[in-house]
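Chain by chain, the residues:
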Amino acid sequence: MSENWVKLDSVTGDIPDGRFGHSASIYKGEMYIFGGYAGGKAMSDLNKYNFKSKKWEKITPSKKPPARYNHTSLTYNDMMIVFGGQFQMVMRNDLWIFDFKSQKWEEKKIEKNKPEKRHSHSAIIYNDSMFIFGGNNAGKMLNDLHVLNLKSWTFSSPTVTGELPSERYGHSAVHYYDENHENLMLVFGGAGRFNKYSNKEGYQNTLYALNLDSNKWKLITIKAGTGNSVLPHRSQHVVTFDKSQDLLYVVAGFNGTNYLNDSLTIDLRDFLWDPLPPAPEKLMSASGAFYNGSLYVFGGQDEKLKSSNTISVLEIGGSSEKEETETETETETETETKKTEDIQEEQEKEEEEEEDEPTPTQPEVEEIEVEEEVEIEEDGINLEKIKEGR
């Protein structure tokens with residue numbers, strides 16, 4: 001592992017403006033950056049970065065989604081799926097598809113069972129479905145779950161059980177297939193109301209797991225590695241996932257008082273967390289990706305309210321040349337492979353049993369001029385004056 005992060009200064013091409021609240025999706029060796037807040041306005045541009053050539057390219061289709069930030073984007077087969085976000089105090093719940101092959105956008109208009117508008121939510125893909133959790137609708141914090149079937153393009157709201165996460169936004173989520181052969185949606189951190197798990201500002205350091213087959217939530221206890229203390233609370237952080245090592249990487253964010261530049265791992269085999277070298281800048285609302293053994297972070301807003309357009313890299317190692325891993329991405333092939341492995345394992349187990357026994361789971365942002373401010377008081381916690389970036 002590299003001892004320190006490195007800021008890439010050899011990138012070429014049409015470098016995007018500094019921004020925060022954008023999204024990052026990986027497709028065939030390239031990182032696609034969509035939207036965000038840049039230069040005093042919300043964006044709807046699409047830019048891609050080639051990991052091998054270190055070159056940026058702007059994509060300019062004739063039709064594109066309305067400007068937004070604090071949305072989600074996910075890679076599914078040959079598509080990037082964008083949902084929700086905000087434009088100043090206008091919340092969104094629209095759904096857009098970018099076809100990587102044709103380089104064209106298409107809006108999917110689905111009205112039945114559509115989730116309410118939101119920003120700073122999380123989303124993952126599993127078994128040809130997109131799972132959407134939580135977020136913020138103009139000050140109303142959410143902890144609801146919605147599922148979009150990517151074959152029929154229909155929404156549903158499944159009934160969940162277990163220990164539900166509290167309402168939150170600015171959290172992160174990944175899909176994890178654990179050693180017990182369970183498919184889980186792991187939700188980490190976020191901002192919300194003060195409770196027994198949060199800091200005094202209402203920021204979380206908890207990890208919840210939703211079993212995607214039984215729809216049951218459970219709280220996972222994260223333990224400190226050797227010499228470590230309590231896992232730091234945060235929201236608007238970067239999370240990436242190295243599937244080959246079962247490691248969750250957490251970088252930067254905001255804890256209700258301070259911008260952060262720490263980075264750490266959570267080992268999903270034993271749920272121990274350990275620190276990594278600090279990132280070059282204290283940032284919130286950046287994007288990240290884990291690709292070919294390296295952790296990449298792009299953009300974000302620093303504590304002086306300046307937006308970044310640099311890429312910082314921490315070389316981790318341990319992944320194969322062909323591996324492409326990103327936050328909240330699951331391909332159809334991977335899912336079907338896991339299903340096949342489980343079926344084969346069950347069949348082998350049954351055969352063994354027959355032989356042996358014949359008997360039968362916001363912080364302050366860049367200052368933006370708006371006509372009014374909204375002040376929210378919830379459970380005695382002043383969530384600060386909500387401007388369009390909250």
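Treat the numbers as computed from the prediction; the structure is a model and nothing was measured.

What follows concerns the sheet that holds strand E3 (residues 23-27). Read across the open sheet, the five strands follow the order E2-E6-E5-E4-E3; overall the sheet is mixed. At either end of the open sheet lies a strand with only one pairing partner, and these are strand E2 (12-13) and E3. Here five bridges tie strand E5 (residues 41-50) to strand E6 (residues 55-59), and the two strands are oriented antiparallel to one another. Directly across from Tyr49, in E6, lies its bridge partner Trp56.

This next bit is on the environment of Arg193. Relative to the helices and strands, Arg193 is located in the loop between strand E19 (191-192) and strand E20 (207-211). Separated by 25 residues in sequence, Arg193 and Arg168 have C-alpha atoms that sit 7.7 Å apart. Only 3.3 Å separates the side chain of Arg193 from the side chain of Glu167, close enough to count as a polar contact.

With that settled, the discussion passes to the packing of aromatic side chains. Applying the stated rule across the entire model yields 21 aromatic pairs. When the centroid spacing of 6.4 Å and the interplanar angle of 50 degrees are considered together, the rings of Tyr32 and Phe98 count as tilted. With a gap of 66 residues between them, Tyr32 in strand E4 (residues 30-38) and Phe98 in strand E9 (residues 90-99) connect regions that are remote in the sequence. You'll find Tyr32 and Phe98 in the same group, each marked buried. Here Phe98 and Phe100 contribute two aromatic rings whose centre-to-centre distance is 5.8 Å and whose plane-to-plane angle is 85 degrees, an arrangement assigned as edge-to-face. Considered together, Phe98 and Phe100 belong to a single accessibility category, that of buried residues. Here the aromatic residues Tyr27, Tyr32, Phe34, Phe98, Phe100 and Trp105 are joined through ring pairs into a cluster of three or more.

A few words on the pairing of E9. Buried residues dominate E9, accounting for eight of its 10 residues. Here strand E8 (residues 79-87) folds back onto E9, and the loop between the two strands holds two residues, one of which, Gln88, carries a positive phi near 55 degrees. Pairing of E9 with strand E10 (residues 104-107) involves four bridges; the strand directions are antiparallel. Looking at E10, one finds that Ile97 is bridged to Glu106. The loop that links E9 with its antiparallel partner E10 comprises four residues; one of these, Gln103, has a positive phi angle of about 60 degrees.

Cut-offs used in this document
- Residues numbered from 1 in each chain as written.
- Predicted model: local features only at pLDDT ≥ 70, side-chain atom pairs only at ≥ 80, totals over all residues.
- Heavy atoms only, no water.
- Pairing = 2+ DSSP bridges.
- Helix = DSSP H or I, 4+ residues; strand = E, 2+ residues; numbered from the N terminus.
- Polar contact = N/O pair within 3.5 Å; in protein donor to acceptor, adjacent residues only side chain to side chain.
- Phe/Tyr/Trp six-rings, centres within 6.5 Å; stacked < 30°, edge-to-face > 60°.
- Buried < 20%, exposed > 50% of the residue type's maximum accessible area, 1.4 Å probe, protein only.

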